[in-house]
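Read off the chains here:
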Amino acid sequence: GPGVACRVAYLTHEDLVASPPGETFGDPDVIFTDSLRAVRFAGRRGPMHFLENVSAMRFPEDLDGIMLRKTELISVLLPPQDAWDELTAMIFQQAEALLPEHIYLDDGSWEAHEQAFAKYRFCLIAESMNHTVSTAFVRSVAFHTVALFNGFVEVGAMVFNGIG
């Protein structure tokens with residue numbers, strides 16, 4: 001009713017990782033988060049609700065043209081090299097041996113994603129970030145490119161072992 005306040009907070013997955021155990025965040029009534037570790041996709045746990053943190057969805061101007069330009073089968077989108085772990089390096093080595101002209105580094109920009117998705121039917125998105133909805137994954141959908149996997153680099157290693 002009148003005079004009753006509902007305190008709401010939005011905490012990113014980074015906020016939750018950086019917070020000390022037992023942090024109450026000022027005891028809001030409702031917490032929205034993009035953390036898949038804290039709450040399942042589109043789910044709720046206690047006061048916490050999952051809410052995607054995907055900024056405005058952008059689509060290429062000419063989707064019919066995008067489909068006509070899909071002349072390549074598969075690309076590989078890797079995180080920036082300073083974020084690689086041993087498995088990501090292994091995926092790169094395998095991709096370099098099999099698909100050297102189709103490897104892209106993800107800097108998060110629209111342009112990088114356009115290069116990795118626009119002319120490809122499939123893209124192997126090799127990122128170890130599995131704690132929230134991936135911008136690269138969302139943009140692959142915008143370009144009508146099927147993401148072979150997203151978020152678990154072990155799967156990427158299996159795909160290349162199966163192809164190679």
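Counting restarts for each chain: residues are numbered from 1 in the order of the written sequence. Per-residue local features of the predicted model are confined to residues with pLDDT of at least 70, and side-chain atom pairs are confined, for both listing and counting, to 80 or more; whole-chain, interface and lining totals are unaffected and use all residues. To get the side-chain values, take all heavy atoms of the structure and skip hydrogens and water.

Chemist: Let's hear about the environment of Asp85: which residues, and what values?
Modeler: Secondary structure elements follow DSSP: runs of H or I of four or more residues count as helices, runs of E of two or more count as strands, with numbering from the N terminus. With respect to the helices, strands and loops of the structure, Asp85 is situated in the loop between strand E5 (72–78) and helix H3 (86–98). According to the relative accessible area criterion, Asp85 is partly exposed, its value standing at 34%. When the C-alpha positions of Asp85 and Glu127 are compared, they lie 9.9 Å apart, and in sequence the two are 42 residues distant. Whenever two N or O atoms come within 3.5 Å, that pair is a polar contact, provided that in protein one can donate a hydrogen and the other can accept it, and provided that, for residues adjacent in sequence, both atoms are side-chain atoms. Only 3.1 Å separates the side chain of Asp85 from the backbone nitrogen of Leu87, close enough to count as a polar contact. Only protein chains enter the area calculation, which uses a 1.4 Å probe; residues under 20% of their type maximum are buried, those over 50% are exposed, and those in between are partly exposed.

Chemist: Residues and numbers for the packing of aromatic side chains, please.
Modeler: In this analysis, rings of Phe, Tyr and Trp, with Trp reduced to its six-membered ring, are considered paired at centre separations within 6.5 Å, and the interplanar angle assigns stacked below 30 degrees, edge-to-face beyond 60, and tilted for intermediate values. All told, the structure shown has 4 aromatic pairs when counted by the stated rule. Residues Phe117 and Phe143 carry aromatic rings whose centres are separated by 6.3 Å and whose planes lie at 45° to one another, so their mutual orientation is tilted. Of this pair, Phe117 sits in helix H4 (residues 110–117) while Phe143 sits in the loop between helix H5 (135–142) and strand E8 (146–150), and the two are 26 residues apart along the sequence. Each member of the pair, Phe117 as well as Phe143, carries the same accessibility label: buried. Feature note: the residues Trp110, Phe117 and Phe143 constitute an aromatic cluster, connected by ring pairs.

Chemist: Residues and numbers for the sheet that holds strand E1 (residues 8–11), please.
Modeler: If DSSP finds at least two bridges between two strands, the strands pair. Strands sit in the order E1-E2-E4-E3 across an open sheet of 4 strands; the sheet is mixed. At either end of the open sheet lies a strand with only one pairing partner, and these are E1 and strand E3 (44–45). Pairing analysis gives 2 bridges linking E3 to strand E4 (residues 48–50), with the strands arranged antiparallel. The partner of Arg44 across the bridge, within E4, is His49.

Chemist: Quick one: what's the story with the environment of Phe59, residue by residue and with numbers?
Modeler: With respect to the helices and strands, the residue Phe59 is situated in the loop between E4 and helix H2 (63–68). It is 7.1 Å that separates the C-alpha atoms of Phe59 and Phe143, two residues lying 84 residues apart in sequence. Contacts are residue-level and defined by heavy atoms, with any inter-residue pair within 4.5 Å sufficient. If we ignore the near neighbours within four places in the chain, the residues touching Phe59 are Trp110 and Ala142.

Chemist: For the packing of H4 against H5, give the residues involved together with the corresponding values.
Modeler: With axes taken as lines fitted to C-alpha atoms, and helix axes fitted only over the stretch in contact, angles between N-to-C directions fall between 0 and 180 degrees. Direction vectors running N to C along H4 and H5 enclose 55°, while the axes themselves pass 10 Å from each other. One finds that H4 runs oblique with respect to H5. Both H4 and H5 take part in a crossing whose hand is right-handed. Contacts from Trp110, His113 and Phe117 of H4 reach H5 at Thr135, Ala136, Arg139 and Ser140. Of the residues belonging to the contact of H4 with H5, the class tally is 3 nonpolar, 3 polar and 1 charged. Working definition: roughly parallel below 35 degrees, roughly antiparallel above 145 degrees, roughly perpendicular at 65 to 115 degrees, and oblique for all remaining angles. With the far helix as reference, a near helix turned anticlockwise by less than a right angle produces a left-handed crossing, and one turned clockwise produces a right-handed crossing. Following the grouping adopted for this structure description, the nonpolar residues are Ala, Val, Leu, Ile, Met, Phe, Trp, Tyr, Cys and Pro, the charged ones are Asp, Glu, Lys and Arg, and the polar ones are all others, Gly among them.

Chemist: Could you give an account of the confidence of the model for the chain, with specific residues and numbers?
Modeler: pLDDT measures the predictor's confidence residue by residue and takes values from 0 up to 100. Put simply, the chain has an average pLDDT of 82, and 84% of its residues get 70 or more. Within the chain, helix H6 (residues 153–163) has the poorest average pLDDT of any element, 45, and strand E6 (residues 103–105) the best, 96. A low-confidence stretch, residues 152–164 stays under pLDDT 50, and its non-local contacts, those more than four residues away or across chains, total 29 contacts.

Chemist: Give me the nonpolar core: which residues, what numbers.
Modeler: Residues enter a nonpolar core if they are buried and are Ala, Val, Leu, Ile, Met, Phe, Trp, Tyr or Cys, with the set joined through side-chain atoms within 4.5 Å. Residues Leu77, Phe117, Ile125 and Phe143 are the most contacted members of the largest nonpolar core, which totals 13 residues. Contributions of two or more residues to this core are made by H4 and strand E7 (120–125). Among the nonpolar cores identified, the runner-up in size contains 11 residues, and Ile74, Leu78, Trp84 and Leu124 belong to it.

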